[in-house]
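Breakdown of the fold
Residues per chain, in single letters:
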Amino acid sequence: MVSNQRYFERRAAEEASRAARAFSAGAKLWHQELAEKFSRLAKSQ
């Protein structure tokens, strides 16, 4: 569905932004992993 794809694209962008602003290395890594996961999900829709 297009709406799912848009949702996953939006979440990927949000998580990438959070990774860029993260204070700790652990938080940055976590948000990067989530961004990659949502990006993969968006492409699979």
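Residues numbered from 1 in each chain as written. Predicted model: local features only at pLDDT ≥ 70, side-chain atom pairs only at ≥ 80, totals over all residues. Heavy atoms only, no water.

With that out of the way, let us pick up the packing of aromatic side chains. In total, this model carries two aromatic pairs according to the counting rule given. Taking 6.1 Å as the distance between ring centres and 25° as the angle between the ring planes, the aromatic pair formed by Phe-8 and Phe-38 counts as stacked. You can see Phe-8 sitting in helix α1 (residues 2–21) and its partner Phe-38 sitting in helix α2 (residues 25–44), a full 30 residues away along the chain. A residue is classified by how much of its surface remains accessible, and Phe-8, at 15% relative accessible area, is buried. Residue Phe-38 is classed as buried on the basis of its relative accessible area of 9%. The lysine or arginine in question, Lys-37, covers the ring of Phe-38, its NZ or CZ lying 5.7 Å from the ring centre. (Phe/Tyr/Trp six-rings, centres within 6.5 Å; stacked < 30°, edge-to-face > 60°. Helix = DSSP H or I, 4+ residues; strand = E, 2+ residues; numbered from the N terminus. Buried < 20%, exposed > 50% of the residue type's maximum accessible area, 1.4 Å probe, protein only. Lys NZ or Arg CZ within 6 Å of the ring centre and 35° of its normal.)

Looking now at the side chain of Glu-15. Its location among the elements puts Glu-15 in helix α1. In this view, Glu-15 contacts His-31, Leu-34, Ala-35 and Phe-38; residues no more than four positions away in its chain are not counted. (Contact = heavy atoms within 4.5 Å.)

Note that every value here comes from positions in space, so none of it alone points to a role or purpose.
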